[in-house]
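Inside the fold
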Amino acid sequence: MNADKTSKLIAKSKLKIDDKLSMHLEGNHYPPIDKRFIPVAKQAIELAQQNDWDTLLSYPNGIQRTVAFTVEGMNLKYFLEEDE
């Protein structure tokens, strides 16, 4: 199964959001994205769902990136979709 399909399955699972993001960030990225980025991913998802793509997010490593950059870079698109 490819990472895109795996990402979609994880996003649509009944797990808690922190568990979903942990599996997604560590299992679908190389190198894995550290668990310290889970709060940033959650914030990006919330802001993107409000169509707020330009807000700067502070990463745990001290850099800042926009919501749009974060959603794209962390491949969070499936976490934005409404449940089917």
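Structure: above.
Overview of the structure. (Residues numbered from 1 in each chain as written. Predicted model: local features only at pLDDT ≥ 70, side-chain atom pairs only at ≥ 80, totals over all residues. Heavy atoms only, no water.)

**Focus on the pattern of salt bridges**
Applying the stated rule across the entire model yields three salt bridges. Asp-18 is paired through a salt bridge with Lys-42; the nearest N and O atoms lie 2.9 Å apart. Of the two residues, Asp-18 is situated in helix α2 (residues 17-27) and Lys-42 in helix α3 (residues 38-49); the sequence distance between them amounts to 24 residues. Overall, the relative accessible area of 34% leaves Asp-18 in the partly exposed class. Overall, Lys-42 belongs to the partly exposed group, its relative accessible area being 28%. The salt bridge involving Arg-36 is made with Asp-34; its shortest N-O contact spans 3.1 Å. By relative accessible area, Arg-36 is classed as exposed at 53%. (Salt bridge = Lys/Arg side-chain N within 4 Å of Asp/Glu carboxyl O. Helix = DSSP H or I, 4+ residues; strand = E, 2+ residues; numbered from the N terminus. Buried < 20%, exposed > 50% of the residue type's maximum accessible area, 1.4 Å probe, protein only.)

**Looking at the environment of Asn-61**
Mapped onto the elements, Asn-61 comes out in the loop between β1 (56-58) and β2 (64-66). Among the residues examined, Asn-61 registers a relative accessible area of 47% and is labelled partly exposed. Expressed as a C-alpha distance, the spacing of Asn-61 and Arg-36, which sit 25 residues apart in the sequence, is 9.2 Å. Polar contacts involving the side chain of Asn-61 include one to the main-chain amide nitrogen of Ile-63, which spans 3.4 Å. (Polar contact = N/O pair within 3.5 Å; in protein donor to acceptor, adjacent residues only side chain to side chain.)

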